[in-house]
Structure formats: structure tokens, C-alpha cells
Amino acid sequence: MIGRGGRLSIRSAGLEEVTLILQTIITGLSIGGIYALMAVGYSLVFSVLNFSNFAHGAVITLGAYVAWAVMTQFFQVPFFPALVISMLGAGIIAFLVERIAYSTLRHRRAPSLYLMISAMGVAIALQNVLYATIGANLYALPPVFTQDSIQLGSAVISRMDIFAFVFSIIAIALLTLVLNYTKVGTAIRAASHDSEMVSVLGVNLDVLVAVLFLLAGSLGGMAGVFMGVKYMVYPSMGWITNKAYIGAVIGGLGSLPGAIVGGILLGLLESIVSVTVIGNVHLSTYRDVFSFGILALLLIVRPTGLFGRYVEEKL
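Residues numbered from 1 in each chain as written. Predicted model: local features only at pLDDT ≥ 70, side-chain atom pairs only at ≥ 80, totals over all residues. Heavy atoms only, no water.

K.L.:
Looking at this structure, I do not really get the overall build of the protein chain. What am I missing?
P.N.:
When helices and strands are counted, the protein chain shows 11 helices and 4 strands. The buried share of the protein chain, reckoned over its 315 residues, is 44%. When the accessible surface of the protein chain is split by element, carbon and sulfur atoms take 68% of a total near 16300 Å². (Helix = DSSP H or I, 4+ residues; strand = E, 2+ residues; numbered from the N terminus. Buried < 20%, exposed > 50% of the residue type's maximum accessible area, 1.4 Å probe, protein only. Areas by Shrake-Rupley, 256 points an atom, 1.4 Å probe, with all protein chains shown as cover.)

As C-alpha cells, this is what we get:
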């Protein structure tokens, strides 16, 4: 009897470990999928314009606020139409940011550093506009599911986590199809190698860049809505894009597959670290240290990231 009880106890413990691992993986994939959506926006812009668009976080935040406004303040729009509206709104905002903050600098052939400084200024300005107009309050988006949790043994899995990951992958897959099988996508891929040559061949770079920012902003808007449902909506929520930027750098800035792999990998690693205990120390308190430490180590070992390519700058 004792032996049987012992075996039963061991089996129960093993089942609990399996369910905990499953919960951790699903949570990590959800976060990683959202990181990937954000990181793809960084990589798209970097691939053509060769600068890091640090205003991307503010665009994502504004996309979340668009969803909050249409779902709770004005029209009580259901989730899926609100998601589409938020994506369109964030895409338009990203387009306007490019036209106001970057277009003149591009035409004057300003160094990439100037574009990055302009991006930082736009990010700070938009965040402060939110503080001045809406305030610093935290707002919750309505839940997507009436019953969000799924009970598997001792593990609790969120339907929203599964939903966010699946929709993130679908959105990225659609973007991949656009880039690989449309004329605009072909032009974007060509411009990522040599934008001047693409311009000589008759492609309107202003239109191409506009499409680029619309795509990046739309994916950012989707990510902002998922973050708003999963957590809260607030003016400084764009800081989370620092993690997405880490994912983009891990994968290789300018590489779409790298952004996807880097974002998902970072989400999984953070999720694993969050549930890891060494002795009496819960590593969840060191999650950000871990993320930035991985970035620093990778930049030392492989500065171009996992899928990035080395490009020599010519004066």
C-alpha cells in the first residue's frame, strides 16, 4: 500500500510539473508573440531606413488608447471591430509621425543619428500629450472571453494567452505573404538592400516608406490592444517595447525572421525565468536584469544578432 501510494504521489507530482511547464510555455509564447509583433515594426523600419524608430512604443500606446476609447468611452464597439479600428488608427498615427518627424530629415539625407533623436523626441512628446489630456490613470480593456481561464490539473491557462499568440502568428504570416508575393513587398525587400537603386528604378520612396510605417504601426496597434487586455492601458505602457527591441536585436535588426524568433525566444526565456526558484531566491525579480544581460552578452558574441547581416558603412 505504501509502495502504491508512493507511486501515486510520484505520478501526481510529475503531472503537476508537466502542467506547470505547459502553462509556462503558453504564457511565454503569448508574451513572445506580442514582442514579435512589436519587433517586426522595428525591423521593417530599420531594414529600409537604417535607424531605430524609438517612437514605435508611443504609437503602440496610442493604438491601445484607440481601442479603449471605442470600446468603453464612445461606441461600446465589440472586440474584433475595435481591434481593426485600433490597427488602422495606429497605422495612420505611424504614418503621420513619419511625415512630420522623419520625412524632411530623409530628404535632406540627414545621418541616422538625427532620425533616432527625432524619434526619441516624438516618443516623449506623445507620452506627455497623453498625460496632459487623459491623465496618468490606468484603464482596463473589456475581456475578450467571459470565462478566460482553462483549468488543467493544477495549472491555469489563459484563453487570452492562446488567442494572442495565435493572432500574432496569423498577422505575421500575412505580413510575410505581403512581403514575398506582392509588388509592394518586393519593393520593400529590394529597398532593404539598396534604397537608392530602387528609387532610380522608378519606385516612389515616399510612398514605399508610407506603406512601411502603415504596416509597422498596424502591427503595433494589434500588440497594444493585446497588452491592454492582458494588463492595463496607461501612458507609459510603451516602455514594454524596450523588450521588443531587445528581441529585434537578438534576432538581428532589419531581419523579419530574426524579429519573430527573437521576440518569441525572449518571451519564452522570460516566462521560464519568472517561475524559476534557486534556493530561496525567486528569479522573477531579476527578469529584466536577465533580459538586458542576454542582450549585452549577445552583442559581445554576435553583434549582428542571430539572423542579421554585417553591412559595412561607406563614407
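Continuing now.
K.L.:
Quick question: what am I supposed to make of the pattern of salt bridges here?
P.N.:
Where charged atoms from two side chains of opposite charge come close, those side chains can pair. Under the counting rule described, the total for this entry stands at 6 salt bridges. With a shortest N-O distance of 2.9 Å, Arg106 and Asp206 are connected by a salt bridge. Of the two residues, Arg106 is situated in helix H3 (residues 79–107) and Asp206 in helix H8 (residues 205–230); the sequence distance between them amounts to 100 residues. Assessed through its relative accessible area of 27%, Asp206 is described here as partly exposed. Between Lys230 and Asp161 there is a salt bridge, with its nearest N and O atoms 2.4 Å apart. Placement of Lys230 in helix H8 and of Asp161 in helix H5 (residues 159–181) is noted, with a sequence separation of 69 residues between them. Salt bridges linked by common partners bring Glu98, Arg99, Arg106 and Asp206 together as one network. (Salt bridge = Lys/Arg side-chain N within 4 Å of Asp/Glu carboxyl O.)

K.L.:
Help me understand the environment of Lys230, please; the structure alone is not making it clear to me.
P.N.:
Relative accessible area serves as the criterion here: at 24%, Lys230 is assigned to the partly exposed category. On a C-alpha basis, the gap between Lys230 and Pro142 in space is 10.0 Å, while along the polypeptide they are 88 residues apart. In contact with Lys230, other than residues within four places in its own chain, are Ser30, Ile31 and Asp161. Side chain to side chain, Lys230 and Asp161 meet in a polar contact 2.4 Å long. (Contact = heavy atoms within 4.5 Å. Polar contact = N/O pair within 3.5 Å; in protein donor to acceptor, adjacent residues only side chain to side chain.)

K.L.:
Would you take a moment to explain the nonpolar core for this structure?
P.N.:
Where a protein is soluble and globular, its nonpolar side chains tend to be buried together. Counting 81 residues, the largest nonpolar core has Leu37, Met38, Val40, Phe79, Tyr102 and Phe226 as the members making the most contacts within it. In terms of residue count, helix H1 (residues 2–49) provides more of this core than any other element does, 13 residues in total. Every residue in contact with Tyr102, bar those within four places of it in the chain, is listed here: Phe51, Asn53, Ala55, Val97, Leu115, Ser118, Ala119 and Phe213. (Core = buried A, V, L, I, M, F, W, Y, C linked by side-chain atoms within 4.5 Å.)

K.L.:
I tried to follow H8 on my own but got confused; where do I start?
P.N.:
For an α-helix, 3.6 residues make a turn, and residues three or four places apart therefore share a direction. The terminal C-alpha atoms of H8 lie 37 Å apart, and with 26 residues this matches the ideal 38 Å at 1.5 Å per residue to within 8%. Burial of H8 is extensive: 19 of the 26 residues sit out of reach of the surface. The opening residue of H8 is Asn204, an N-cap whose side-chain oxygen sits 3.0 Å from the backbone nitrogen of Asp206. (Expected span 1.5 Å × (residues − 1).)

K.L.:
Sorry, what's going on with helix H10 (residues 256–274) here?
P.N.:
For H10, spanning 19 residues, the distance from its first C-alpha to its last is 27 Å, which sits close to the expected 27 Å at 1.5 Å a residue. Of all the positions in H10, only Leu256, Gly258, Ala259, Ile260, Gly262, Gly263, Ile264, Leu266, Gly267, Glu270, Ser271 and Val273 are classed as buried. Its side-chain oxygen at 3.0 Å from the backbone nitrogen of Gly258, Ser255 defines the N-terminal cap of H10.

K.L.:
Help me understand the packing of aromatic side chains, please; the structure alone is not making it clear to me.
P.N.:
To describe a pair of aromatic rings, you give the distance between the ring centres and the angle between the ring planes. For the structure on display, the rule yields 13 aromatic pairs. An angle of 40° between the planes, with centres 5.9 Å apart, marks the rings of Phe80 and Phe167 as tilted. Remark: Phe167 occurs in helix H5 and Phe80 occurs in helix H3; sequence separation between them is 87 residues. Here Phe80 falls in the partly exposed class, since its relative accessible area comes to 44%. You can call Phe167 partly exposed: its relative accessible area is 25%. Connected via pairs of aromatic rings, a cluster forms that spans Phe79, Phe80, Phe163, Phe167 and Phe226. (Phe/Tyr/Trp six-rings, centres within 6.5 Å; stacked < 30°, edge-to-face > 60°.)

K.L.:
I keep staring at the packing of helix H2 (residues 56–73) against H8 and nothing clicks. Help me out?
P.N.:
Two packed helices can be described by the angle between their axes and the distance between those axes. At a closest axis distance of 7 Å, the pairing of H2 and H8 adopts a crossing angle of 60°. Judged on the interaxial angle alone, H8 and H2 are oblique. In the packing of H2 onto H8, the handedness of the crossing is right-handed. Facing His56, Val59, Ile60, Gly63, Ala64 and Ala67 of H2, the residues of H8 in contact are Ala216, Gly217, Gly220, Gly221, Gly224 and Val225. Of the residues in the contact of H2 with H8, the class split is 6 nonpolar, 6 polar and no charged. (Axes fitted to C-alpha atoms, helices over the stretch in contact; angles between N-to-C directions. Parallel < 35°, antiparallel > 145°, perpendicular 65-115°, else oblique. Left-handed = near helix turned anticlockwise from the far one by under 90°. Nonpolar A, V, L, I, M, F, W, Y, C, P; charged D, E, K, R; others polar.)

In short, shape yes, function no, at least from these values alone.
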